[in-house]
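Residues per chain are reported as follows:
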Amino acid sequence: MTAPRPGPPPGPGPRHGPPPQRWTGEDAEGDSHPAVEAAVQAIANAATLGPADQIAQYEAAYQTLRETLATIDQA
């Protein structure tokens, strides 16, 4: 016979919140940054490209976001 394990009794599992929603930027109310908006748009546009071109778009958007965040952090 095995001893019962300590801990909470088994239950239905973790509660899940609402499903994630796609961010559209419509509720931003002027909180946007032009470079970030351009990077987000480039990522969205990359979906129509071939895999090699997608990688280039993602890398460029990533670099833009890194540089933008660095300038915000310095302010």
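Up top you'll find the structure we're talking about.
J.: Sorry if this is basic, but what is going on with the environment of Leu65 here?
T.: Tracing the backbone shows Leu65 in helix 2 (residues 51-74). C-alpha separation for the pair Leu65 and Ala39, spaced 26 residues apart in sequence, amounts to 6.9 Å. Non-local contacts of Leu65, meaning those with residues more than four positions away in its chain, are made with Val36 and Ala39.

J.: Is there a simple way to explain the environment of Ala46 in this structure?
T.: Looking at the secondary structure, you find Ala46 in helix 1 (residues 34-46). Judged by relative accessible area, which is 0%, Ala46 ranks as buried. With 11 residues separating them along the chain, Ala46 and Gln57 place their C-alpha atoms 6.2 Å apart.

J.: What exactly am I supposed to notice about the packing of helix 1 against helix 2 here?
T.: Between two packed helices, the angle of one axis relative to the other and the distance separating the axes together describe the packing. Following both chains from N to C, one finds helix 1 and helix 2 inclined at 165°, their axes separated by 9 Å at the closest point. By the angle class used here, helix 1 and helix 2 are roughly antiparallel. The two elements helix 1 and helix 2 meet at a crossing, and its hand is left-handed. Residues Ala35, Val36, Ala39, Ala42, Ile43 and Ala46 of helix 1 pack against Gln54, Gln57, Tyr58, Ala61, Thr64, Leu65 and Thr68 of helix 2.

Conventions we followed
- Residues numbered from 1 in each chain as written.
- Predicted model: local features only at pLDDT ≥ 70, side-chain atom pairs only at ≥ 80, totals over all residues.
- Heavy atoms only, no water.
- Helix = DSSP H or I, 4+ residues; strand = E, 2+ residues; numbered from the N terminus.
- Contact = heavy atoms within 4.5 Å.
- Buried < 20%, exposed > 50% of the residue type's maximum accessible area, 1.4 Å probe, protein only.
- Axes fitted to C-alpha atoms, helices over the stretch in contact; angles between N-to-C directions.
- Parallel < 35°, antiparallel > 145°, perpendicular 65-115°, else oblique.
- Left-handed = near helix turned anticlockwise from the far one by under 90°.

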